[in-house]
Amino acid sequence: MNQDNALAEALKMRNLLKELRPEALRNAERPVAVAGFREWIFSDKAGALGAFAASAEFAFGTIVQRTMAYPAAVRLHYGHPDLFNKIFVMTRGGLSKATRQLHVSEDIFGGMNHTLRGGQIKYREYISCGKGRDMGFDSINAFEAKISSGFGEVSLSRDLLRLATRVDLWRCLHLYHSLVGNYINTWLVMGSVYAHIYALVFFALAQAAEVLAYDTIRVEHVLQLGLLSLLPYIAEVALEQGLVRALLAALAQLVSGSFSFFIFKQQTTAASLHSSVMYGGASYIATGRGFSITSSSFLNLFANYGRSHMALGFELAALAIALAATNDCARCSYGGLTWGTWLAAVSLVFAPCWFNP
């Protein structure tokens, strides 16, 4: 259950095919390799998890790709529903890649190859089609693990090296943050949560209480831990439906526990990227994208997330308790110092049980 469409949208196909005509650029014709367009997500009503996944996909398929196409000029191919120029592809080496492990994210490699071969990639919004996202906790995290490990292989590829060394600084920065940089930043964010509480415990054990009193040591995680994933969604809903509906949609997601879910998903991204870069082994994971109507056993949840998520959550909680036991600073606010740590710890430990149907 992945794709959907309507007859009214299909009637616009003639206009979309015309987008594949070559365009004159600096007195030379530049062929068009890919014409992308937006989607609507029809699985957003399938519970809170379906709404979380749909909101992230809706933001990525609209405001994010719109910005990547212009002015960043770094939009590539990200799977369904892009339209390829068959003649361009067949006459320039084809579309398929060599290995199933290195090229797990075959859509990303397809976009990079066509950009390196001189093709132009467009993005249009006058036509759209439907798409279904994952609606279960395990399937959402499995999909996130697949694309994160795939981007780990992308970061080690020659294709990315060739592309990054052939663009200007502006496009290179956009290329970083739209590809592997997004996943590296997520890994750094989750690492900063651990480094933050570890530094606090170190200062407390060293009896450097005055250091804990400074506001600079109070790393605010409100944007990093969860809310950052909501900002593009809020901006696009506000742009299309108004500020009131955007705030109501954001409030509904916050009440449903989006903070905990996105923190857990960020750790899935960080763990999968780290494993792929360090040890390899990226592989395709079939999620099915069906309705989640059965509960997973605790044994299954612990086997899937015990080492990568729950162990880190317990370690963060243990460090926060150690800080409470060793902190002797009268002017320090323990809640102000550790609320982000406790939020991450509780989310990593209890999110699988909370969102298990």
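About the cut-offs
Residues numbered from 1 in each chain as written. Predicted model: local features only at pLDDT ≥ 70, side-chain atom pairs only at ≥ 80, totals over all residues. Heavy atoms only, no water. Helix = DSSP H or I, 4+ residues; strand = E, 2+ residues; numbered from the N terminus. Pairing = 2+ DSSP bridges. Axes fitted to C-alpha atoms, helices over the stretch in contact; angles between N-to-C directions. Parallel < 35°, antiparallel > 145°, perpendicular 65-115°, else oblique. Left-handed = near helix turned anticlockwise from the far one by under 90°. Contact = heavy atoms within 4.5 Å. Nonpolar A, V, L, I, M, F, W, Y, C, P; charged D, E, K, R; others polar. Salt bridge = Lys/Arg side-chain N within 4 Å of Asp/Glu carboxyl O. Buried < 20%, exposed > 50% of the residue type's maximum accessible area, 1.4 Å probe, protein only. Lys, Arg positive; Asp, Glu negative; His and termini not counted. Patch = residues over 30% accessible without salt bridge, like charges linked within 9 Å, V, L, I, M, F, W, Y side chains within 5 Å. Areas by Shrake-Rupley, 256 points an atom, 1.4 Å probe, with all protein chains shown as cover. Polar contact = N/O pair within 3.5 Å; in protein donor to acceptor, adjacent residues only side chain to side chain.

Novice: How would you sum up the environment of Ser-295? Please name residues and give values.
Specialist: Structurally, the position occupied by Ser-295 is in the loop between α13 (258–279) and α14 (298–326). Put simply, Ser-295 and Glu-23 are 272 residues apart on the chain and 53 Å apart in space, counted from C-alpha to C-alpha.

Novice: Tell me about the sheet that holds strand β4 (residues 32–41), and please be specific about residues and values.
Specialist: Taken in spatial order, the four strands of this open sheet run β1-β6-β4-β5, and their pairing is mixed. Strands with a single pairing partner mark the edges of an open sheet, and in this sheet they are β1 (3–4) and β5 (83–84). Bridge count for β4 against strand β6 (residues 120–131) is nine bridges, and the pairing is parallel. Bridging from a neighbouring strand, Ile-41 pairs with Lys-131 of β6.

Novice: So what's going on with the packing of helix α6 (residues 137–155) against α14? Residues and values would help.
Specialist: Remark: α6 packs on α14, axes separated minimally by 12 Å, with the N-to-C direction vectors making an angle of 20°. Taken together, α6 and α14 sit at an angle that is classed as roughly parallel. The element α6 and its partner α14 pack so that their crossing is left-handed. Contacts between α6 and α14 pair Phe-137, Asp-138 and Asn-141 from the former with Asn-300, Leu-301, Asn-304 and Tyr-305 from the latter. Across the contact of α6 with α14, the residue classes tally to three nonpolar, three polar and one charged.

Novice: Quick one: what's the story with the pattern of salt bridges, residue by residue and with numbers?
Specialist: Once their charged atoms are close, side chains differing in charge can pair, the charge on each being opposite to the other. Under the defined criterion, the tally for this structure stands at 13 salt bridges. When the shortest N-O distance is used, the salt bridge between Glu-19 and Arg-124 registers 3.2 Å. In this pair, Glu-19 is assigned in the loop between α2 (13–18) and β2 (23–24) and Arg-124 in strand β6, connecting sequence segments 105 residues apart. Given the relative accessible area of 13%, Glu-19 is considered buried. Residue class for Arg-124 comes out partly exposed when judged on its relative accessible area of 26%.

Novice: Provide a residue-level description of the pairing of β4, including the pertinent values.
Specialist: The two faces of a sheet get side chains in turn, since along a regular strand they alternate between them. Burial within β4 is extensive, with nine of its ten residues counted as buried. Both β4 and β5 contribute to a ladder of two bridges, which runs antiparallel. Bridge pairing in β5 links Val-34 to Phe-84.

Novice: Hey, could you go over the side chain of Glu-153 for me, with residue numbers and the actual values?
Specialist: Assignment of secondary structure puts Glu-153 in helix α6. Here Glu-153 sits buried without a salt bridge, and the closest side chain of opposite charge, Arg-158, lies 12 Å off (N-O distance). In this structure Glu-153 touches Gln-101, Leu-102, Ser-276, Gly-280, Gly-281 and Ala-282, once residues within four positions along its chain are discounted.

Novice: A description of the packing of helix α9 (residues 180–205) against α13 should follow, citing residues and the corresponding values.
Specialist: Close contact between α9 and α13 brings their axes to 8 Å; oriented N to C, the two are set at 110°. Between α9 and α13, the interaxial angle falls into the category roughly perpendicular. When the axes of α9 and α13 are compared, the crossing they make is left-handed. From α9, Tyr-183, Ile-184, Thr-186, Trp-187 and Met-190 reach across to α13, where they touch Ile-263, Gln-266, Gln-267, Thr-269, Ala-270, Leu-273 and His-274.

Novice: Got a sec to walk through a nonpolar patch on the surface? Specific residues and values, please.
Specialist: On the surface, a nonpolar cluster with roughly 450 Å² of combined accessible area is contributed by Leu-156, Val-277, Met-278 and Tyr-279. With respect to the secondary-structure elements, Tyr-279 resides in helix α13. The class for Tyr-279 is exposed, based on a relative accessible area of 64%.

Novice: Tell me about the side chain of Lys-131, and name the residues and values.
Specialist: Relative to the helices and strands, Lys-131 resides in strand β6. Here Lys-131 falls in the buried class, since its relative accessible area comes to 7%. A polar contact is formed between the side chain of Lys-131 and the side chain of Glu-57, at a distance of 3.4 Å.

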